[in-house]
Amino acid sequence: SIYAKTPQRDYFMSSLARSGLFALSKMVGEEYADRGVASFVVCLGFIDTPMVRNLAIGRPQDAPEPEASTAAAWGAKYEEWAADIPAKRIASPTELAKFVAFLTTPEAEYLNGTVFSFSGGLDRALV
């Protein structure tokens, strides 16, 4: 979550726990880089998943996937959220999968230890 980089009061415990992953990633990357292992953190913004759809319609995040008949309701909330995202949209799981797939390639190895924001520009932290 981008809230690991830009903590919010509403996500206090989540931000605290997730920021610890930054240190873990750095330590893993340092320890194993000479063996071809790279470690990354990917901080997510809004991705169109069942969890985010549930959040959009006010259901518990771990509720079953919303029915297609509720698409208009979560779509309206997505539009509201997207207005605050510089990219003006919610990302698809496929976009995220392609990015993560790139991180598993040898071409990404030298990026070891990097914290990435996959948020359409929503993460406005300087570092």
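As the structure is a computational prediction, the values presented were derived from the model and not from experiment. (Residues numbered from 1 in each chain as written. Predicted model: local features only at pLDDT ≥ 70, side-chain atom pairs only at ≥ 80, totals over all residues. Heavy atoms only, no water.)

In this section: the packing of aromatic side chains. For the coordinates displayed, the defined rule picks out 5 aromatic pairs. With a centroid separation of 4.6 Å and an interplanar angle of 20°, the aromatic rings of Phe-46 and Trp-81 are classed as stacked. With a gap of 35 residues between them, Phe-46 in the loop between β1 (41-44) and α2 (50-56) and Trp-81 in helix α3 (residues 71-82) connect regions that are remote in the sequence. An identical accessibility class is assigned to Phe-46 and Trp-81; each is buried. Seen in terms of ring centroids, Phe-99 and Phe-116 are 5.3 Å apart; in terms of plane orientation they differ by 80°. Their pairing is edge-to-face. Within this pair, whereas Phe-99 is found in helix α4 (residues 93-103), its partner Phe-116 is found in strand β2 (residues 115-118), the two being separated by 17 residues in sequence. Take Phe-99: its relative accessible area is 22%, and that puts it in the partly exposed class. Put simply, the rings of Phe-40, Phe-99, Phe-116 and Phe-118 touch in pairs and so form one group of aromatic residues. (Phe/Tyr/Trp six-rings, centres within 6.5 Å; stacked < 30°, edge-to-face > 60°. Helix = DSSP H or I, 4+ residues; strand = E, 2+ residues; numbered from the N terminus. Buried < 20%, exposed > 50% of the residue type's maximum accessible area, 1.4 Å probe, protein only.)

Before going further, it helps to spend a moment on the confidence of the model for the protein. With 100% of its residues at a pLDDT of 70 or more, the protein has an overall mean of 92. Per-element averaging of pLDDT across the protein places helix α1 (residues 12-32) at the bottom with 88 and α4 at the top with 98. (pLDDT = per-residue confidence, 0-100.)

Formed by 14 residues in total, the largest nonpolar core has its most connected members in Phe-46, Tyr-78, Trp-81 and Ile-90. Elements represented by at least two residues in this core include exactly β1, α2 and α3. Ranked by residues supplied to this core, first place goes to α3 with 3 residues. Apart from residues no more than four positions distant in its own chain, Trp-81 is found in contact with Phe-46, Val-52, Leu-55, Ala-56 and Ile-90. (Core = buried A, V, L, I, M, F, W, Y, C linked by side-chain atoms within 4.5 Å. Contact = heavy atoms within 4.5 Å.)

Counted according to the given criterion, the structure contains 6 salt bridges. Between Asp-123 and Lys-5 there is a salt bridge whose closest N-O contact spans 2.9 Å. Placement of the pair is Asp-123 in the segment after β2 and Lys-5 in the segment before α1, with a sequence separation of 118 residues. Taking the shortest distance from any N to any O, the salt bridge between Arg-53 and Glu-65 comes out at 3.6 Å. Taken together, the positions of Arg-53 in helix α2 and Glu-65 in the loop between α2 and α3 put the pair 12 residues apart, joining distant regions of the chain. (Salt bridge = Lys/Arg side-chain N within 4 Å of Asp/Glu carboxyl O.)

With that settled, consider α3. In this model α3 runs 16 Å from its N-terminal to its C-terminal C-alpha over 12 residues, within 8% of the 16 Å that 1.5 Å per residue would give. When α3 is considered as a whole, its buried residues turn out to be Trp-74, Tyr-78, Trp-81 and Ala-82. Looking straight down α3, one finds that the buried residues subtend no more than 90° of arc, so they occupy a single side. In α3, the exposed positions angled more than 90 degrees off the buried face are occupied by Ala-72 and Glu-79. Contact partners of the buried residues in α3: α2. (Expected span 1.5 Å × (residues − 1). Arc of directions from axis to C-beta.)

A word on the pairing of β2. Only one face of β2 is covered, namely the face carrying Phe-116 and Phe-118; the face carrying Val-115 and Ser-117 is uncovered. Relative to β2, β1 runs parallel, the two sharing 4 bridges. When the bridges of β2 are listed, Val-42 appears paired with Phe-116. (Pairing = 2+ DSSP bridges.)

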